[in-house]
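# Inside the fold
Residue strings, one per chain:
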Amino acid sequence: MDKTLAWLWLADAVGSACQYAQELLTLYPDPAELYDALRAGTEAPPACLTPHALAQLRDTTPFDYEERLDHCLLSGIDVLTPDEGVYPDRLRDLPDLPLALYVTGDIACLNGRRYAGMVGTRRPSTYGRQAAFDLSLAMARAGVVLVSGLADGLDSEAHRAAVQADVPTVAFLGTAIDKTYPASNAKLRTAIEKGGAVCSEYPPGYSGRTTGTFLARNRLIAAQSEALCVAEARTRSGTLNTVGHAERLGRPVLAVPGSIYSALSEGTNELLRTHRAEPLCKAADALDILGIGAETAAPAQQRFDPATVSADAQAVYAVLKPTPQSIDALCAAASLPAGRVLAACTELELMPSIFFHIECFYSEVS
């Protein structure tokens, strides 16, 4: 029997994020031995098994999973199990480690590198989006593998930054391994798989329960990361669930300070206020924790000098606020007509160091 079949048999019966997975491994390092013991009926089944899991183990056999394994092999999906050296070492100490991990891309990036998680809201402000991208880009250029969840918003920014730096990045899904969610990230996923990896506890064609699967994958992001970075988050969010896992695992947490006027920064600011996180103001803050010299990081962005733009652009820049403004309000504050304000905004938009200000304005009026 192919031992992988026995792992699939056991993993399917106990389900994802099984709280007694580590206990089962201690009792039966080779799940084929558990299969033989249940068939023979010579010893009592492990007490940690739930009645539902035990019933499924007795009603199925490892050979029932031959079709799935063949499908994975033909589809370029690796199936990693805890008895293999290629299994991610950073996941091994989880009490609820995956007994089968499905991976597309390059499995080599899952071990032997330096890892930092970058997470945050799925609907970020432009400030949060730029912070996540810039910090991730600098860390990637320093050789760090960014770990996130391929979700909308700040997860995507972290992966995009790594792709731009041509450095592997690791994405953990809350869906079946053959499903990309959101579908709009299909191209990004393809780019990730060229040197990085996309991982899931859920097999191709998975049709089981989906409630809680995204929260369950958060523990894997936290576990794979040596430090967890939070770019922007509300006080009640899946992002803070990931922070909780990081704290449970003893992973350092860093948070980007945000505007006191933005609900999107309430979560990160609260992490800082309660000392659950260290400030993340530049890539070096995370690199220092990882023991990586900041000299390989991207150079600091040049500070904007208002004297380098026109008088109209200076007037508009002077009245910009950390929160979005309507075009009427901006025109009134700058004492300029709409046409000149829009022209000034276009001029300012070309200045990378103040890009987020203009984006905040446009997000309100477009």
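Residues numbered from 1 in each chain as written. Predicted model: local features only at pLDDT ≥ 70, side-chain atom pairs only at ≥ 80, totals over all residues. Heavy atoms only, no water.

### Some details on the sheet that holds strand E6 (residues 197–200)
Across the sheet, 9 strands lie side by side as E1-E2-E6-E5-E4-E3-E7-E8-E9; this open sheet has mixed pairing. With partners counted over all chains shown, the strands left at the sheet margins are strand E1 (78–80) and strand E9 (278–279), one partner each. Where strand E3 (residues 114–119) meets strand E7 (residues 227–230), 4 bridges bridge the pair, whose relative direction is parallel. From the neighbouring strand, Val119 faces E7, where its bridge partner is Val230. Sheet strands touched by helix H9 (residues 213–224): E3, strand E4 (144–148), strand E5 (169–172) and E7. Its angle to E5, the strand with the most contacts, is close to 155 degrees. (Pairing = 2+ DSSP bridges. Helix = DSSP H or I, 4+ residues; strand = E, 2+ residues; numbered from the N terminus. Contact = heavy atoms within 4.5 Å. Axes fitted to C-alpha atoms, helices over the stretch in contact; angles between N-to-C directions.)

### A few points about the layout of surface pockets
Approximately 420 Å³ is the volume attributed to the second largest pocket. Ala11, Asp12, Gly15, Ser16 and Tyr206 are the residues nearest the centre of the second largest pocket, which is lined by 27 residues in total. The set of elements that each furnish at least two residues to the lining of the second largest pocket consists of helix H1 (3–14) and helix H4 (51–59). For the lining of the second largest pocket, the per-class residue count stands at 16 nonpolar, 7 polar and 4 charged. (1 Å grid on protein atoms, 1.4 Å probe; cavity = no way out; pocket = protein on both sides within 12 Å on 5 of 7 lines; lining within 4 Å. Points joined across faces, edges and corners; volume = space filled by probe spheres on them. Nonpolar A, V, L, I, M, F, W, Y, C, P; charged D, E, K, R; others polar.)

### Some thoughts on the pairing of E6
Burial along E6 is two-sided: the residues Ala197 and Cys199 and Val198 and Ser200 are all buried. Pairing between strand E2 (residues 101–105) and E6: 4 bridges, direction antiparallel. Among the inter-strand pairings, Thr104 is bridged to a residue of E6, identified as Val198. Bridge count for E5 against E6 is 3 bridges, and the pairing is parallel. In the sheet register, Phe172 faces E6, and the bridge partner there is Cys199. (Buried < 20%, exposed > 50% of the residue type's maximum accessible area, 1.4 Å probe, protein only.)

### Side note on the packing of helix H6 (residues 126–141) against helix H7 (residues 154–164)
Packing of H6 against H7 leaves a shortest axis separation of 8 Å and a crossing angle of 35 degrees. Here the hand of the crossing between H6 and H7 comes out right-handed. Taking contact as the criterion, the partners of Gly128, Arg129, Ala132, Phe133, Ser136, Leu137, Ala140 and Arg141 in H6 are, on H7, Leu154, Glu157, Ala158, Arg160, Ala161, Ala162 and Gln164. Considered class by class, the residues forming the contact of H6 with H7 number 8 nonpolar, 3 polar and 4 charged. (Left-handed = near helix turned anticlockwise from the far one by under 90°.)

### Things to note about the nonpolar core
Counting residues in each nonpolar core, the largest one holds 70 residues, and the members touching the most others are Val14 and Leu99. Element by element, the count of residues in this core is highest for H1, at 8 residues. Excluding its chain neighbours within four sequence positions, the residues that come into contact with Val14 are Tyr20, Leu24, Leu49, Ala53 and Leu99. Of all hydrophobic cores here, the second largest spans 25 residues; its members include Ala138, Ala142, Val144 and Leu290. (Core = buried A, V, L, I, M, F, W, Y, C linked by side-chain atoms within 4.5 Å.)

### What to know about the side chain of Glu201
Assignment of secondary structure puts Glu201 in the loop between E6 and H9. There is a polar contact of 2.9 Å between the side chain of Glu201 and the side chain of Arg219. Setting aside chain neighbours within four positions, we find Glu201 in contact with Ser16, Ala17, Pro98, Ala100, Leu101, Tyr102, Arg219 and Leu220. (Polar contact = N/O pair within 3.5 Å; in protein donor to acceptor, adjacent residues only side chain to side chain.)

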